[in-house]
Amino acid sequence: QLLPTAVMEPSQDEPAARDRVIDGVLVLVAAVLGAVSLASSRAGWDAWSLWLDVGLGSVACAALALRRRHPTAVAVLALAATTVSPLAGIAALVALFNAAVRSSPRALAWIFALSLVSNAIYPLLYPDADLGGYWGTMVLCVLVMTVAIGWGLFARTRRELVASLHERARRLESEQLLRVE
């Protein structure tokens, strides 16, 4: 059931329930890991900044539930939120991966450009001396975002390959049945 073709060709009720469980787990994991990131970077914030961060991060995490139907929109939303919200960081990674799997190449190029802009702004707002200041944080963020997109492109290619192999096997099987008859 976890093979890519099972995801691409769902049966009646099983995958819908499985997809909802996966979506729920992803939202929960993104929220928990984002909260850990928020707690570690929260020193010296005023109440308004904290509420803004929690609001934007919560919206980005909740939007992950819509990532299958609207991958580009969810990625843009999560990247915009992660510009000012550490809570939205993990949600942005999941959204980037999903956009790489499901979006068109042109949309993915725009999403990657937006991730570069977001990564350029974030270290200005949250400087981290442990990572080497602005450039260290910028390099780490771009590296992590690039890995998420690359992994998504790999998953997309694998999914397309498995689907084409299954289609070819079905076609060869039907041709063989015609020959036997």
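Scroll up a little and you will see the structure.
Everything numeric in this text was worked out from a predicted model, so none of it was measured.

> Whenever I open this one, the nonpolar core confuses me. Can you help?
As a rule of thumb, soluble globular proteins bury nonpolar side chains together. Ala60, Leu64, Leu79, Ala91, Ala95, Leu96 and Ile111 are the most contacted members of the largest nonpolar core, which totals 23 residues. Going through the elements one at a time, α3 (47-63), α4 (71-82), α5 (89-102), α6 (105-125) and α7 (133-180) are the ones with two or more residues in this core. At seven residues, α5 tops the list of elements feeding residues into this core. Apart from the residues within four sequence positions on either side, leucine 96 is in contact with Leu79, Ile111, Ser115, Met145, Ala148 and Ile149.

> Just to check I follow, could you spell out the pattern of salt bridges for this structure?
Note that side chains of opposite charge can pair when their charged atoms are close. This structure, assessed with the given rule, holds one salt bridge. Measuring nitrogen to oxygen at the nearest pair gives 3.6 Å for the salt bridge that ties arginine 170 to glutamate 167. Within this pair, arginine 170 and its partner glutamate 167 are both found in helix α7, separated by three residues, close to a single helical turn. Take glutamate 167: its relative accessible area is 40%, and that puts it in the partly exposed class.

> In this structure, what is going on with the packing of α5 against α6? I would like to understand it.
Any two packed helices are characterised by the angle at which their axes cross and by the distance between the axes. Packing of α5 against α6 leaves a shortest axis separation of 10 Å and a crossing angle of 160 degrees. Classed by the angle they form, the pair α5 and α6 counts as roughly antiparallel. Between α5 and α6 the crossing geometry is left-handed. Together, Leu96, Ala99 and Ala100 of α5 and Leu108, Ile111 and Ser115 of α6 make up the contact between the two elements. The residue inventory of the contact of α5 with α6, partitioned by class, reads five nonpolar, one polar and no charged.

> Just checking my understanding: could you explain a nonpolar patch on the surface for this structure?
There is a patch of nonpolar side chains on the surface, built from Val21, Val25, Val29 and Leu33 and spanning about 330 Å² of accessible area. Positionally, leucine 33 belongs in helix α2 (residues 14-41). The exposure class of leucine 33 is partly exposed, given its relative accessible area of 43%.

> Before we go on, may I ask you to explain the environment of valine 32 in this structure?
Relative to the helices and strands, valine 32 is located in helix α2. The class for valine 32 is partly exposed, based on a relative accessible area of 46%. Residues valine 32 and cysteine 61, spaced 29 residues apart in sequence, show a C-alpha to C-alpha distance of 9.8 Å.

Rules used throughout
Residues numbered from 1 in each chain as written. Predicted model: local features only at pLDDT ≥ 70, side-chain atom pairs only at ≥ 80, totals over all residues. Heavy atoms only, no water. Core = buried A, V, L, I, M, F, W, Y, C linked by side-chain atoms within 4.5 Å. Buried < 20%, exposed > 50% of the residue type's maximum accessible area, 1.4 Å probe, protein only. Helix = DSSP H or I, 4+ residues; strand = E, 2+ residues; numbered from the N terminus. Contact = heavy atoms within 4.5 Å. Salt bridge = Lys/Arg side-chain N within 4 Å of Asp/Glu carboxyl O. Axes fitted to C-alpha atoms, helices over the stretch in contact; angles between N-to-C directions. Parallel < 35°, antiparallel > 145°, perpendicular 65-115°, else oblique. Left-handed = near helix turned anticlockwise from the far one by under 90°. Nonpolar A, V, L, I, M, F, W, Y, C, P; charged D, E, K, R; others polar. Patch = residues over 30% accessible without salt bridge, like charges linked within 9 Å, V, L, I, M, F, W, Y side chains within 5 Å. Areas by Shrake-Rupley, 256 points an atom, 1.4 Å probe, with all protein chains shown as cover.

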